[in-house]
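Structural overview
One-letter residues, chain by chain:
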Amino acid sequence: MDTSALERFLRYVIVDTRSDERASTFPSTPGQLTLLRQLVDELKAIGIDDASMDEHGYVMATIPATSPGPIPVIGFVAHVDTSPEMPGAGVRPIVHRRYDGRDIVLPDDPTAVLRLSDQPALATQIGNDIVTASGTTLLGADDKAGVAAIMAAAEYLIRHPAVAHGPVRIAFTPDEEIGRGANHFDVARFAAVCAYTLDGGSLGELEYESFSADAMTVTFRGFNTHPGYAKGHMVNAIRLAADFIALLPRDRLSPETTEGYEGYVHPYVVDASVEQTSVKVLIRDFVTAGLKEKEAMVEALAKQAIASEPRALVSIAIEESYRNMREVLDRHPQVVEHARTAIRRAGLTPVERPIRGGTDGSRLSFMGLPTPNLFAGEHNFHSRLEWVSAQDMDKAVEVIVELCKVWAEPGSEQLPPPNSQLPK
Ligand SMILES: [Zn+2]
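On a predicted model such as this, the values are computed, not experimentally measured, just so you know. Position numbers for residues count from 1 along each chain, tracking the sequence in the order it is written. pLDDT decides what is reported in this predicted model: residues at 70 or higher carry local features, side-chain atom pairs at 80 or more are listed and counted, and totals for whole chains, interfaces and linings draw on all residues regardless. Note: side-chain values were computed over all heavy atoms of the structure, leaving out hydrogens and water.

Comments concerning the coordination of the zinc ion
What counts, and what does not: Only nitrogen, oxygen and sulfur atoms qualify as donors, and only when within 2.8 Å of the metal (3.2 Å in the case of Na, K and Ca); with water excluded, sites may look incomplete. All geometry calls rest on donor angles, where a four-donor set with angles between 85 and 135 degrees is tetrahedral, four- and six-donor sets with opposite donors more than 155 degrees apart and all others between 65 and 115 are square planar and octahedral, and all else is irregular. Strands are runs of DSSP state E lasting at least 2 residues, helices are runs of H or I lasting at least 4, and numbering of each runs from the N terminus. Throughout this description, buried means an accessible area under 20% of the type-specific maximum (1.4 Å probe, protein chains only), exposed means over 50%, and partly exposed covers the range between.
The protein atoms that coordinate the zinc ion are His79 (NE2), Asp142 (OD), Asp199 (OD) and Asp199 (OD), at distances spanning 1.9 to 2.5 Å. Around the zinc ion sit four donor atoms; with metal-centred angles ranging over 55 to 140°, the donor geometry is irregular. Every donor residue of the zinc ion comes from the same chain, spaced as H-x62-D-x56-D. Taken together, the residues span a long stretch of sequence, with Asp142 in helix α3 (residues 141-159) and Asp199 in strand β9 (residues 194-200) at a distance of 57 residues. Across the pair, exposure class does not vary: Asp142 and Asp199 are buried alike.

A few points about helix α8 (residues 333-345)
Selection rule: Expected helix span is computed as 1.5 Å times (number of residues minus one). The contact definition used throughout considers only heavy atoms, calling two residues in contact when any of these lie within 4.5 Å.
The end-to-end C-alpha distance of α8, which contains 13 residues, comes to 18 Å, matching closely the 18 Å that a straight helix rising 1.5 Å per residue would cover. Looking at α8, one finds that the buried residues are Pro333, Gln334, Val335, Val336, His338, Ala339, Arg340, Ala342 and Ile343. Summarising the contacts, the buried residues of α8 are in contact with β9, β10 (205-207), α7 (326-329), β15 (351-352), β16 (373-375) and α10 (390-407). Two residues or fewer past α8, Gly347 is found with a positive phi of approximately 85°.

Remarks on the nonpolar core
Threshold: In these notes, a set of buried Ala, Val, Leu, Ile, Met, Phe, Trp, Tyr and Cys residues joined through side-chain atoms within 4.5 Å is what counts as a nonpolar core.
One finds Phe9, Leu43, Phe76, Phe172, Tyr196, Leu198 and Leu374 to be the most contacted residues of the largest nonpolar core, which totals 71 residues. One finds Val218, Val235, Leu240 and Ala312 within the second-largest nonpolar core, a separate group that totals 20 residues.

Focus on the pattern of salt bridges
The test is simple: By definition here, a salt bridge exists when the distance from a side-chain nitrogen of Lys or Arg to a carboxyl oxygen of Asp or Glu is within 4 Å.
Enumeration according to the criterion identifies 29 salt bridges in this entry. Lys292 is the salt-bridge partner of Asp214, the closest N and O atoms lying 3.7 Å from each other. Separated by 78 residues along the polypeptide, Asp214 in strand β11 (residues 212-221) and Lys292 in helix α6 (residues 288-305) bring together distant segments of the chain. Given a relative accessible area of 1%, Asp214 falls into the buried group. Between Glu352 and Arg340 there is a salt bridge, with the nearest N and O atoms lying 2.6 Å from each other. In this pair, Glu352 sits in strand β15 while Arg340 sits in helix α8, placing the two residues 12 residues apart along the sequence. Note on Arg340: relative accessible area 9%, which makes it buried.

Remarks on the confidence of the model for the protein chain
As a reminder of what qualifies: Confidence scores labelled pLDDT are given residue by residue by the predictor and lie between 0 and 100.
Per-residue confidence for the protein chain gives a mean pLDDT of 94; residues scoring 70 or more make up 97%. In this model residues 416-424 is a low-confidence stretch, pLDDT under 50, and it forms 13 contacts with partners more than four residues away in sequence or in other chains.

Description of the packing of helix α1 (residues 5-13) against α3
The following threshold applies: Interaxial angles span 0 to 180 degrees and are taken between N-to-C directions of axes, which are lines fitted to C-alpha atoms, for helices over the stretch in contact. In this scheme, roughly parallel covers angles under 35 degrees and roughly antiparallel covers those over 145, while 65 to 115 is roughly perpendicular and the rest are oblique. In this scheme the crossing of two helices becomes right-handed for a clockwise turn of the near helix relative to the far one and left-handed for an anticlockwise turn of less than a right angle. Think of it as three bins: nonpolar holds Ala, Val, Leu, Ile, Met, Phe, Trp, Tyr, Cys and Pro, charged holds Asp, Glu, Lys and Arg, and polar takes everything else, Gly as well.
Taken N-terminus to C-terminus, the directions of α1 and α3 make an angle of 135°; their axes are 8 Å apart at the nearest point. Taken as axis vectors, α1 and α3 run oblique relative to one another. Here the hand of the crossing between α1 and α3 comes out right-handed. For the pair α1 and α3, contact is made by Ala5, Arg8, Phe9, Tyr12 and Val13 and by Ala141, Lys144, Ala145, Val147, Ala148, Met151, Ala152 and Glu155, respectively. Looking at side-chain class alone, the contact of α1 with α3 contains 10 nonpolar, no polar and three charged residues.

What to know about the packing of aromatic side chains
Note the threshold: Aromatic pairs are defined between Phe, Tyr and Trp rings, using the six-membered ring for Trp, whenever the two ring centres lie within 6.5 Å; interplanar angles under 30 degrees are classed as stacked, those over 60 as edge-to-face, and all others as tilted.
Tallied over the entire structure, the rule returns eight aromatic pairs. Here a set of aromatic residues connected by ring pairs shows up, and it is made of Phe26, Tyr58, Phe185 and Phe190.

Some details on the sheet that holds strand β4 (residues 94-96)
What counts is decided by this rule: Pairing between strands is defined by DSSP: at least two bridges between the two strands are required.
Strand order in this open sheet of three strands is β4-β7-β17, and the pairing throughout is antiparallel. The sheet is open, and its two borders are formed by β4 and β17 (387-389), each paired with just one other strand. In this sheet, adjacent strand axes meet at a mean angle of 25° when their direction is disregarded. Two strands pair when backbone bridges link them, and β4 and strand β7 (residues 130-132) are joined in this way by three bridges, in the antiparallel orientation. The residue of β7 that forms the bridge with Val95 is Val131.

Listed below in structure tokens is the structure:
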């Protein structure tokens, strides 16, 4: 019998794979290698002989084609690390069988309660088996639900050679949560025409638009001296930075006030001293040109903040983080179209919405591997209240299998009609 996605999931979440943005190693934490090695062993155990891990921890493997003839190679990708924002050690997964809509109180912290009234997505889960952590850690459904779904699909495809499909590539990656997941991804070695990350939420979700993102660092230079003798001399960079932050838009263009296709400007780290204070600002927009406008605004406000202090200096650095994957995917419409077809064949309705963030797919798409994102059933990412349902994971497995079949059908490389226009 096949190992269910749930069984696999429960094995993976107990491995502490929290990533660490302060680390300079790759992967950032050794626990990730533990799980990555385990995945190589499991892939080999189900008969995928070429499973291997490279020097950076990336696991790649191939499910051989069952169908002759030239069929495009497609891939599936999931990340093994969990968010550094929350404890990931000592995860104690709990399966709540046949959810009945009542509150789920997590035993290790009774203030952690999953309530139907707070979580509209739970309304669709009555009768399903819900997995949570125990109240003091995250669960790690992000993205071990995706890992489990890919593993279960791989096992299914190996055991059912009558299912016609081309070569299917698998990759498990480290350090996605700290934005490094694509850093050492060897796109040439992966050698697929496209890939799908399994790192999304509710049933049917298909994401192929992400933010375009830059990171700005605004640094104020003041002048420090002994505060007892500072009159007329000191220029406090902390005050300049505070003035700057106060000038940033608050009731618009902020994460707290935007949704859908709206971008934002978000101060999120301050490194402060009297002599020098830097403010890190995230810039987000679905249209890459919109980043430039926001960056010009931020720069103007930084200059305004020091306008009355001629001894102060401000400098600005801008770093590109990632770009909207849609710019690439619009040129390969079959990638998204086949995902829609597969979701429908699994009995679901595609739910398409923009990702207000980035995924590894945002970067992989620009590295030559068009990579939209599919649901894996993850909810409440990076939270003690994270949950997933076993039935949703099974549906994700089904969608993967259907996608492999769709790509094996004649004419799959041909382009269907172009996508609808970009939203205004
Ligand atoms: Zn994720």
